[in-house]
Structure formats: structure tokens, C-alpha cells
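# Reading the structure
These are the residues of each chain, in order.
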Amino acid sequence: MNAIDKISDTDRYARCVQTSKRVRWDIDDDVIRGRRFDAGHKFLPDGLSLAGAFTTLSADEKRFVSQIQGRTYANVFGLVERFINAKVLELSHDHWFGDQVALEALVRFSDEELKHQALFRRIDMMVGEVLPDGYRFDIDPNAVAHSVLGKSTWAVLALTLDIELFTQLHYRQSIEPDTELSELFKDVFLYHWKEESQHAILDELEWVRHDAGLTAQQREQAVDEFIDLVRAVDGILQAQAKSDAGYFATTCGRVVDEAEARTIAAAFLKAYRWQYIQSGAQHPQFGKVLSKLITDSQGQRIQAALATLQ
Ligand SMILES: [Fe+2]
Ligand SMILES: [Fe+2]
């Protein structure tokens, strides 16, 4: 690393600290502001819920689908932020007796992820107050975190950057004019994005820093572990798509036959793969950072694995 890169990295950590202080928000005072959800509104925008893929459903039923997906959105974020926070705390160790600004940036990152988990627990509860009983999210964030953190730091940081970049795209989707979208859910996207923007910069800094200490062989193995992690995420999405489609079928107020139930489950999975895998993997910044760290053949391996999740 040359002197100019070194200065700019230090500066980037410092800017993350500054921005983190400037945008800092409170769950009640800024995001929720005494509001409740209204089941007359969509919770996720069509571009995320992939409303168009639910071809057999009426407009009202598509709105219900967006609400189920909104609740799952809160739960999935609560889940991934458990392992992201643990990894950030672990990485902060590298800075204990080094760059104190980098350490502060990671401590703030961790503090924000704890707050986000609390926000998403609240959102899950608040959505539960306006939707029919029977929704389930049975995946344990601690069990997932244990399994994810069993993989190499390189692989976990790759997945983390992917996730934190797609929150930016999700925010952009939510600000597109849509008069039926819940103002409260829009604010969840807005406030989450405000802090996630710094996280994505820090993920990149930490990933590149960590990568510099790896041998080619360690990186080769880490690429396979990243693919394993993406497949594990997909396993979670498959289970939740099935669960959410079943919940829809039993609570939508009409008979859904087996053939239609299958198309609804397939549409849920398509939407979840878009939200939690493809929208990050296709993010230009993810491709830019990843391609600098890996060989062409490693890139092809990742692309081939992603192509199986369509
Ligand atoms: Fe977050
Ligand atoms: Fe984050």
C-alpha cells in the first residue's frame, strides 16, 4: 500500500465516524414517532416484493403479500445483523492498539447494528398487531450466526458487504413515488440506509485490509466458503418462502388450490432471492471490490453458483 492510499483509508474511517455522528437517529423519536402500521398500505415497494410475479393474485392480495414480506424483511435483517455485529466486534480487535479512529468507526458500527436489531424486533411486533395470526419466522439468529462465523473472515466480509450494499438499493426502491406505500415503512428504509451507507464503506475497508494478509491458497478456500454462505442464505430463503406462502394461503380468505399454492411459493422465493442475494450481488460496487481481490476463474465460480439460484 502506498502513502496516498494509506492516508485516504485513514480519512475514510474518519469520515465514517463523522457521518455516523451526524445522521444518528433514535428508534422512537425519529423512526416510529408514535405511529402504527395501517393494513391499507403496502409495506414493501413492488420493485422489492416483485408484485408482478404473483400473477394469480388480486391487487388487495398483492398488498397483503407485501406486508408479509415486510415482516420477513424485519426478521431477516434482525438475523443477519446478529452475525455482522459479532464479526465487526471481532475485527475491532485488530485496531485496539492501532488506529483509534478506525476502532471508533467499528464501535459505532456495532452500536448501530444493535440498535437496528432492536428496531427490527419492534417492526416485527408492530406488523404482528395488524396482520392475521399464524405468521412464523422459526430461524434462530444465534444458530445462524454460529454457523456463519465458522467460515473465514474473508467469506463473512464478502457476504456482509453484499448485504450492506443492497440496503442502499432497497432505499432507492422505496423512495420511488408510490402513494400506497406505508410512510412508516418508508422511514424504516430511509433511516436504516442512513447508517448502512457507512457500514458498506467500512466493510470494504476491512475486507481489503484483511485480504492483504491472506495467501492465494487461503483466498481460494475463502471463495468456496463465500459460495457456501450464499447457498446457506438461500436455504433460509427457501424455508421462509415456503412458510410465508403457507401463511398467505391459510389467511387470505379464499381457497388456494395446490397448483396456485406452488406458484405463490415460487414467487415468494423469487422475491426473496432478489431482495437478499441478487440485488447485492449485482450491485456495481460489490463487483468492483470483489473483482480486485479474486482471479477470473474464482469470479466465474461465484457467478456459476449465483446462476443456480434463479
Ligand atoms: Fe443494519
Ligand atoms: Fe449494517
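Structure first, text after, so check above.
So, here is what we can say about the structure in this document. (Residues numbered from 1 in each chain as written. Chains lettered and ligands numbered in written order. Predicted model: local features only at pLDDT ≥ 70, side-chain atom pairs only at ≥ 80, totals over all residues. Heavy atoms only, no water.)

## Some words on the packing of aromatic side chains
For the structure on display, the rule yields 22 aromatic pairs. On the numbers, 4.8 Å between centres and 45 degrees between planes, the contact of Phe37 with Phe43 is tilted. With respect to class, Phe37 is no different from Phe43; both count as buried. Ring geometry for Tyr272 against Tyr276: centres 6.1 Å apart, planes inclined by 50 degrees, an arrangement best described as tilted. Of this pair, Tyr272 and Tyr276 both sit in helix H10 (residues 258-281), four residues apart, roughly one helical turn. Like Tyr272, the residue Tyr276 is buried in the burial classification. Ring-pair connections join several aromatic residues into one group, and the members of that group are Phe37, Phe43, Phe54, Tyr73, Phe77, Phe120, Phe166, Phe185, Phe189, Phe268, Tyr272 and Tyr276. Above the plane of the ring of Trp25 lies Lys115, whose end atom (NZ or CZ) is 3.8 Å from the centre. (Phe/Tyr/Trp six-rings, centres within 6.5 Å; stacked < 30°, edge-to-face > 60°. Buried < 20%, exposed > 50% of the residue type's maximum accessible area, 1.4 Å probe, protein only. Helix = DSSP H or I, 4+ residues; strand = E, 2+ residues; numbered from the N terminus. Lys NZ or Arg CZ within 6 Å of the ring centre and 35° of its normal.)

## Some remarks on the side chain of Asp234
Looking at where Asp234 falls in the secondary structure, it is placed in helix H9 (residues 216-251). Classification of Asp234 as buried rests on a relative accessible area of 2%. When sequence neighbours within four positions are dropped, the list of residues in contact with Asp234 reads Arg273, Ile277 and Leu309. (Contact = heavy atoms within 4.5 Å.)

## Some details on the nonpolar core
Grouped together as the largest cluster of nonpolar side chains are 97 residues, with contacts concentrated most on Phe83, Trp154, Phe185, Trp207, Phe226, Phe248 and Phe268. Excluding residues that lie within four positions of it along the chain, Phe185 makes contacts with Phe37, Phe43, Leu44, Gly70, Ile123 and Val127. (Core = buried A, V, L, I, M, F, W, Y, C linked by side-chain atoms within 4.5 Å.)

## Describing H9
The end-to-end C-alpha separation of H9 is 52 Å, in line with the 52 Å expected for 36 residues at 1.5 Å each. In the stretch just after H9, Gly253 is the one whose phi turns positive, near 90 degrees. (Expected span 1.5 Å × (residues − 1).)

## Topic: the pattern of salt bridges
Inspection of every chain in the model, using the stated rule, returns 26 salt bridges. We note a salt bridge from Asp94 to Arg209, for which the minimum N-O separation is 2.9 Å. Here Asp94 is found in the loop between helix H4 (59-92) and helix H5 (100-130), whereas its partner Arg209 is found in helix H8 (residues 183-211), with 115 residues between them in sequence. A relative accessible area of 30% places Arg209 in the partly exposed class. For Arg254, the salt bridge identified is with Glu260, shortest N-O distance 2.8 Å. In this structure, a network of salt bridges that share partners links the residues Lys21, Glu104 and Arg108. (Salt bridge = Lys/Arg side-chain N within 4 Å of Asp/Glu carboxyl O.)

## A look at the coordination of the iron ion (ligand 1)
Looking at the iron ion (ligand 1), one finds its protein donor set to be Glu81 (OE), Glu113 (OE), His116 (ND1), His192 (NE2) and Glu196 (OE), positioned 1.9 to 2.3 Å from the metal centre. All donor residues of the iron ion (ligand 1) come from one chain, and their arrangement in sequence is E-x31-E-x2-H-x75-H-x3-E. The iron ion (ligand 2) is placed at 3.4 Å from the iron ion (ligand 1), the two being bridged by Glu113. Taken together, the residues Glu81 in helix H4 and Glu196 in helix H8 connect sequence positions 115 residues apart. (Donors = N, O, S within 2.8 Å, 3.2 Å for Na, K, Ca; no water.)

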